[in-house]
Amino acid sequence: VPFWEQACEDGRRNACDRLIQIESSYCGDNSGWACNELGVHYREGTVVAPDSERALGYFSQACEVRFQAGCVNLLDPESLSQAVPRVLDLRLLLREGGRNLLEMSEPDLYARACDHGWAFACDNVSRSP
């Protein structure tokens, strides 16, 4: 995901469409982080055409799976809250369509996330004993 976020930000052809497609897939798998990010995209209207109703739907999905930023976005539509993916979200985001990562230890999961460009995970790895 970080690769596609950067590619979209850089204006690379089809990168934003691919980012939305990837986040939609993960949101469909109940990643609260991905649902919240989609809501932010539809609220801001920078990556996709603005659609407040769709944004609220994604924030609602994020809140339903207890992703706090999604709940905050439902309660306060004037501000946009974002947060890093939770461990459960990382287990979904890093499987890359492959094996289930439920058995992977958290330190290994953060190391894998760091390898995939998630800066917050690299900070977490560097703090591990």
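Just above, that's the structure.
Residues numbered from 1 in each chain as written. Predicted model: local features only at pLDDT ≥ 70, side-chain atom pairs only at ≥ 80, totals over all residues. Heavy atoms only, no water.

> Which parts of the structure should I look at to understand the packing of helix H3 (residues 32-44) against helix H5 (residues 68-75)?
When two helices pack together, their arrangement is captured by the angle between the axes and the distance separating the axes. Taken N-terminus to C-terminus, the directions of H3 and H5 make an angle of 35°; their axes are 9 Å apart at the nearest point. Side by side, H3 and H5 meet where Asn36, Val40 and Arg43 of the first sit next to Ala69, Gly70 and Asn73 of the second. For the contact of H3 with H5, the per-class residue count stands at two nonpolar, three polar and one charged. (Axes fitted to C-alpha atoms, helices over the stretch in contact; angles between N-to-C directions. Helix = DSSP H or I, 4+ residues; strand = E, 2+ residues; numbered from the N terminus. Contact = heavy atoms within 4.5 Å. Nonpolar A, V, L, I, M, F, W, Y, C, P; charged D, E, K, R; others polar.)

> I tried to follow the packing of aromatic side chains on my own but got confused; where do I start?
All told, the structure shown has five aromatic pairs when counted by the stated rule. Taking 5.2 Å as the distance between ring centres and 80° as the angle between the ring planes, the aromatic pair formed by Trp33 and Trp118 counts as edge-to-face. With Trp33 in helix H3 and Trp118 in the loop between helix H7 (106-115) and helix H8 (119-127), this pair connects stretches of sequence that are 85 residues apart. Judged by relative accessible area, which is 3%, Trp33 ranks as buried. For Trp118, a relative accessible area of 7% translates into the label buried. Here the aromatic cluster, defined as three or more aromatic residues joined through ring pairs, consists of Trp33, Tyr110, Trp118 and Phe120. (Phe/Tyr/Trp six-rings, centres within 6.5 Å; stacked < 30°, edge-to-face > 60°. Buried < 20%, exposed > 50% of the residue type's maximum accessible area, 1.4 Å probe, protein only.)

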